[in-house]
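So the chains spell out like this:
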Amino acid sequence: MPKVYLLRHGQSEANVRGILAGPDNSINLSDKGVRESRIVSKHLQKIEFTQIYTSPISRCIQTINSLISAKPQIPLLIEERIQEMNYGAWNGKELKALSKKREWKSIQNQPSKFKFPQGESFLQLRKRVQSFLNEIETLQGPVLVVSHGDVIKMMLTCTLNLS
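Since we're looking at a predicted model, the values are computed, not measured.

S.K.: Even after reading the chapter, I still don't get the pairing of strand β4 (residues 143-147), so can you show me in this structure?
M.R.: For β4, the buried fraction is high: 5 of the 5 residues fall into the buried class. Residue alternation in β4 divides its side chains into two sets, Val143, Val145 and Ser147 and Leu144 and Val146, and both sets are buried.

S.K.: What should I look at first to understand the nonpolar core in this one?
M.R.: If you look at the biggest cluster of nonpolar residues, it comprises 23 residues, and the most contacted ones within it are Tyr53, Trp90, Phe116, Phe122, Val129, Phe132 and Met155. For this core, the secondary-structure elements that each account for two or more residues are α6 (122-136), β4 and α7 (149-159). Sorting elements by how many residues they give to this core places α6 first, with 6 residues. Look past the residues within four positions of Met155 in its chain and what remains in contact with it is Leu6, Ile82, Val129, Phe132, Leu133 and Val145. In this structure, Leu7, Ile52, Leu67 and Ile74 belong to the second largest nonpolar core, which totals 12 residues.

S.K.: I tried to follow the side chain of His9 on my own but got confused; where do I start?
M.R.: Mapped onto the elements, His9 comes out in the loop between β1 (4-8) and α1 (13-17). Among the polar contacts listed, one links the side chain of His9 to the side chain of Arg59, at a separation of 3.5 Å. Ignoring sequence-local partners within four residues, the contact set of His9 consists of Asn15, Arg59, Cys60, Thr63, Ser147 and His148.

S.K.: Is there a simple way to explain the pattern of salt bridges in this structure?
M.R.: Pairing is possible between side chains that carry opposite charge, provided their charged atoms lie close to one another. Enumeration over the complete set of coordinates arrives at 5 salt bridges. Residue Glu79 is joined to Arg81 by a salt bridge in which the shortest nitrogen-to-oxygen separation is 2.7 Å. Looking at Arg81, the relative accessible area reads 17%, which means it is buried. Between Arg128 and Glu120 there is a salt bridge, with the nearest N and O atoms lying 2.7 Å from each other. Here Arg128 and Glu120 have matching classes, each one buried.

Criteria and cut-off values
- Residues numbered from 1 in each chain as written.
- Predicted model: local features only at pLDDT ≥ 70, side-chain atom pairs only at ≥ 80, totals over all residues.
- Heavy atoms only, no water.
- Buried < 20%, exposed > 50% of the residue type's maximum accessible area, 1.4 Å probe, protein only.
- Helix = DSSP H or I, 4+ residues; strand = E, 2+ residues; numbered from the N terminus.
- Core = buried A, V, L, I, M, F, W, Y, C linked by side-chain atoms within 4.5 Å.
- Contact = heavy atoms within 4.5 Å.
- Polar contact = N/O pair within 3.5 Å; in protein donor to acceptor, adjacent residues only side chain to side chain.
- Salt bridge = Lys/Arg side-chain N within 4 Å of Asp/Glu carboxyl O.

Function cannot be read off these values alone, since they describe shape.
Dropping the structure here:
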C-alpha cells in the first residue's frame, strides 16, 4: 500500500451556510476555502506525489488547482468512487433542521444501518470506497486523495477494518 495523504476540500459556500451539499457540483469554495487551498498547496508541493486522485466535484478540484498548477507533471485522476455521498432528499438542506429529525440519531449511533431517503446508504459508500482502496493498494510512492469529509471517514473506517 502506498503512503496515502487524505485531503478534504477547503471550506465551501455550503459549509458557510450550514447546508448539506451532497454531490452538488455548483457549490464552490468560499473565499476562506480558496485561501486554505493556496496554503495547503505550498505544504504539499514539498511531497513528491506519484499520483493525485480527486473527486469530480468542483470544490475538490478547486482545492487542488494550486498544486496542479505548481506541479503539472503529477498525474491528476478524476475518481467517481471518492465523490461526496449522495444524501438524496437531504441534499441541499440545512444541517440545523436535519439534526432535529429522528433519523439523525440513527446516523450518529448506527450509520451502517442507515440509508438516506432517495439517496445512498453508508454500506453503499463503503463498497465504492473499498473498491477504490483495493485498486490503489499496489501503487508505489506517495499518493494524494482529495475528497469529502464522509468519504475520508469511510476510507479510514475501511483501512482500520472498523464497522
